[in-house]
Amino acid sequence: MTLLTEFRPSFFHRIFSSSAGQRFLRFSPYFLTLKSVDGSVQVPYSDLDGLEVERRFIWSRINFKLASGSQEVFGWVANGAQEKIAQVLKARIAEAKNFDDRNATNAEWIEGCTNWYLSATRGERWVTYREIDDILQEHEDRLTYLWSTDVSDLPMFKLELANHIRYMNEVKADRTGFRSKCNLEFEAQELKRYQSFFDSVLSNPLTLEQRKAVIVNEDAELVVAAAGSGKTTTIKSKVAYLVNKGMASPHQILVISFNKNVQQDLEKSLASPYPGININTFHALGLKILAEAQGKKPSLTELAESREKLGEYLDGLIKQIYEDNYAELAEFFVSYAKPYRDQFDFKSMGDYIAYVRSVGLITLNGETVKSLEELELANFFYANGVNYLYEQDYEHPVASIKRRQYKPDFYLPDYGIYIEHFAIDINGNTPPFINEKDYLESRDWKILTHQQHKTKLVQTFSHEKRSGTLTGNLRRNLEQQGVIFSPLPKDQLLDKLNSSGYISELGILLGTFLNLFKGSLLSLGDLSKRLPPNDSDAARARKFIEIFGKVYQRYQEHLASSSLIDFNDMIRLAEQALDGGHELKDIKYVLIDEFQDISIGRAQFIKSLLRSTDHAKLVAVGDDWQSIYRFSGSDISVMTSFEDHFGRHEVRMLPETFRFDQMVESVASRFVLKNEAQIKKKVIAKVRDNSKSVILWHPQKESGSLLESIAQHIPVASSGKTSILILARYNFYKDQLGIAE
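These remarks concern the structure in this document.

Criteria and cut-off values
- Residues numbered from 1 in each chain as written.
- Predicted model: local features only at pLDDT ≥ 70, side-chain atom pairs only at ≥ 80, totals over all residues.
- Heavy atoms only, no water.
- Pairing = 2+ DSSP bridges.
- Helix = DSSP H or I, 4+ residues; strand = E, 2+ residues; numbered from the N terminus.
- Contact = heavy atoms within 4.5 Å.
- Axes fitted to C-alpha atoms, helices over the stretch in contact; angles between N-to-C directions.
- Phe/Tyr/Trp six-rings, centres within 6.5 Å; stacked < 30°, edge-to-face > 60°.
- Buried < 20%, exposed > 50% of the residue type's maximum accessible area, 1.4 Å probe, protein only.
- Lys NZ or Arg CZ within 6 Å of the ring centre and 35° of its normal.
- Parallel < 35°, antiparallel > 145°, perpendicular 65-115°, else oblique.
- Left-handed = near helix turned anticlockwise from the far one by under 90°.
- Nonpolar A, V, L, I, M, F, W, Y, C, P; charged D, E, K, R; others polar.
- Salt bridge = Lys/Arg side-chain N within 4 Å of Asp/Glu carboxyl O.
- Core = buried A, V, L, I, M, F, W, Y, C linked by side-chain atoms within 4.5 Å.

## Some remarks on the sheet that holds strand β1 (residues 6–7)
Strand pairs in the sheet, formed through backbone hydrogen bonds, run parallel or antiparallel to each other. If you trace the four strands from one edge of the open sheet to the other, you get β1-β2-β3-β4, paired in antiparallel fashion. Looking at strand neighbours, the two that pair on one side only are β1 and β4 (39–44), the edges of this open sheet. Across four bridges, strand β2 (residues 24–27) lies against strand β3 (residues 31–36) in antiparallel orientation. Residue pairing in the sheet places Arg-26 in a bridge with Thr-33 of β3.

Structure (structure tokens):
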């Protein structure tokens, strides 16, 4: 049944009174309106106690009773209408009471929302994504009956509610725009409020970009820094800002670093002024959480703390596996010991030569060959007891004005067989960086030379390596010509692999991969699934994974049998403890330095850590251009794909470097950005110098003393004194340079 919302005087009153048209009784959603000649009165339903009807002969008079004891009168109502009015009033009073009850329940929350909105729009606070989501969701949950209410319908005495609805509608209409507008205003205001603080918080005033990074209060913030831009300075200043502003006490701040030296530097700077602050390395934090959760400290394997001991252990493990899986390991060392890249993948000779130099093409017999395919052939001969000579003069003199004496790739003196390996694909093409016409002419000349002198020639091709048939095809061809294969005894080949460095090289690779694998949270089954099917090195990767699976199984058995864990286990078990209910409720802020070095496993650990707190905020500071710990499990994709791991976040850049001049910056930036996986950023060098700052120099054997040669290439300062820092990749270079310990 539809209830009438407006009543006017009776028909007889309209006949006898000219003012009847100015009188009405209206039931609005929130109040009763009585209109007369003298004006109108609005009475909230909550102020009404009911009504009395004075019935007359042809019309009635209605007295509306107020809670205050007074009354409002509306006369000249047609007899029969009073029952309808009473019915409407009763329904309106009930609705109003229900509305007011709900409104009263939400009054404190509405006031809080209003204060939040006003604070945000005045630039008094940072507005987070989560705040907006939570407020709008709770608004919808609490006030669904008001969400679509027209604000203009609300009376003045509902002003607070009207404002609340207006504010929430504004936020809902453009969440991103509202957040951006408020935070820009906050940034401008906060930089003014804390100008003197940032000028003096450390020994040098903070840069503008450092200040902007410090004042962000998003649930997750990624600070992308340049080398020498003050990453650790930003961490220290963030701590000072949080404590100074009262956003956190020192014991509610957790600072995490990746290495002990940085942790000690932070502790030295922050522990005294901020007693109780938590400063840990990842390993120390994992150990602490695990000890608290289990009631005792776990035992850490010495293999985790010493790369040398891990290398020795893995070398021994390889030898054990070699004894049990001789054929498999022998095949790996012969055909897959070095990372293979097809020559056809290179666009220039320079790129190919750089690759060849990087892998080191030294055979088991001690020769240096020119390609990975020649390395495989030489090691194949050696491992199978076939005597060979590499690039020896052809038995017939064929040198001419145009050509020097011919040196075939391989010669088997016991059988009088020559082997030439040609860099040719299945379609007869040469790699892009080779002059195809000249190369094919040279090939034809070699074939013709053997034909003319009636010498035996066996040909092999690059496409056979790609298809995995190189040594198999060669073996069949040579067996047909009477070549006898006599594989070396296991012990003899093992001794050679060991003395040639092949065992230790594989051990280093396995040690690196072990860290990467355990830090990635993948399974052995996942590894095979991730292999790109058309990659030129896919066959090697498959063989390596087979070997790694055996190594990993024995390594894990060794840890389990000794009740030991390594660092990756420590982080994983600490994560499980956090997910299992171990809480860090006191922590409000988690600050991570050198974030570029984080692994997938550590990222998972951080997410579990954040979940164990009461919405702690994350500040990650790093420079993806300085990610150098891939060997120990770091994965730069955690930083470059930050949102995939930590959700919506604020990004701040620290582009200014104080470490080097713009000449170094220009060269370094161009070099780094060749890698498309790096975050694109413009580094601004504060030091200006137009002199040459980067020299690429390749010393030759005849250069004499390396130290003297290096010094000759360094310009001496006008004072005649120049300090020189020499960095070498390996310790043995110090001997070559003549540098004492």
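## Quick word on the sheet that holds strand β14 (residues 456–461)
One open sheet accounts for four strands, arranged β11-β12-β13-β14; its pairing is mixed. The open sheet has two edge strands, β11 (389–390) and β14, and neither has a second partner. Across six bridges, the pairing between strand β13 (residues 417–422) and β14 is parallel. Pairing of Glu-420 across the sheet is with Gln-459, part of β14. Contacting β11, β12 (410–412), β13 and β14, helix α16 (residues 372–383) runs over the sheet at an angle of about 15° to β12. This element, helix α17 (residues 436–452), spans β13 and β14 of the sheet and lies at about 170° to β13.

## Observations regarding the packing of aromatic side chains
Enumeration according to the criterion identifies 39 aromatic pairs in this entry. Plain terms: the ring middles of Phe-197 and Phe-198 are 5.4 Å apart, the flat faces sit at 70° to each other, and that makes the pair edge-to-face. On the accessibility criterion, Phe-198 (0% relative accessible area) is buried. Following the ring pairs from residue to residue traces out a cluster consisting of Phe-380, Phe-381, Tyr-388, Tyr-390, Phe-410 and Phe-485. Positioned above the aromatic ring of Tyr-129, the side-chain terminus of Arg-179 is 3.8 Å from the ring centre. Note that Arg-602 overlies the ring of Phe-282, its terminal NZ or CZ placed 5.9 Å from the centroid.

## Remarks on the packing of helix α13 (residues 307–324) against helix α23 (residues 538–561)
The geometry of α13 relative to α23 is characterised by a closest axis approach of 10 Å and an angle of 120° between their N-to-C directions. As judged from the angle between their axes, α13 and α23 are oblique. For the pair α13 and α23, the sense of crossing is right-handed. Packed against α13, whose contacting residues are Leu-310, Tyr-313, Leu-314, Leu-317, Gln-320, Ile-321 and Asp-324, the element α23 presents Lys-550, Val-551, Arg-554, Tyr-555 and His-558 at the interface. Of the residues assigned to the contact of α13 with α23, the class counts are seven nonpolar, two polar and three charged.

## So, the environment of Leu-329
Take Leu-329: it is sitting in helix α14 (residues 326–335). Given the relative accessible area of 1%, Leu-329 is considered buried. In this structure the C-alpha to C-alpha distance between Leu-329 and Phe-544, which are 215 residues apart in sequence, comes to 9.5 Å. In contact with Leu-329, other than residues within four places in its own chain, are Ile-318, Ile-321, Tyr-322, Leu-506 and Ile-547.

## Thoughts on the pattern of salt bridges
This model, assessed by the stated rule, comprises 35 salt bridges. With its nearest N and O atoms 3.0 Å apart, the salt bridge here joins Asp-219 to Lys-617. On the criterion of sequence distance, the pair formed by Asp-219 in the loop between α8 (208–215) and β8 (220–225) and Lys-617 in strand β16 (residues 617–622) is long-range, its members being 398 residues apart. Exposure remark for Asp-219: the relative accessible area of 17% places this residue in the buried category. By relative accessible area, which is 11% here, Lys-617 ends up buried. The residue Arg-466 makes a salt bridge to Asp-342 at a minimum N-O spacing of 3.0 Å. Here Arg-466, found in helix α18 (residues 462–467), pairs with Asp-342, found in the loop between α14 and α15 (349–359); they are 124 residues apart in sequence, far enough to count as distant. Taken together, the shared-partner salt bridges connect Arg-179, Glu-187, Lys-212, Glu-218, Glu-650 and Arg-652 into one network.

## Considering the nonpolar core
The biggest cluster of nonpolar side chains holds 67 residues, and the ones touching the most others in it are Phe-333, Phe-381, Leu-412 and Leu-478. For Phe-333, the contacting residues outside a window of four places in its chain are Ile-318, Asn-379, Leu-497, Tyr-502, Ile-503 and Leu-506. Counting residues in each nonpolar core, the second largest holds 33 residues, with Phe-186, Phe-198, Leu-242 and Leu-266 among its members.

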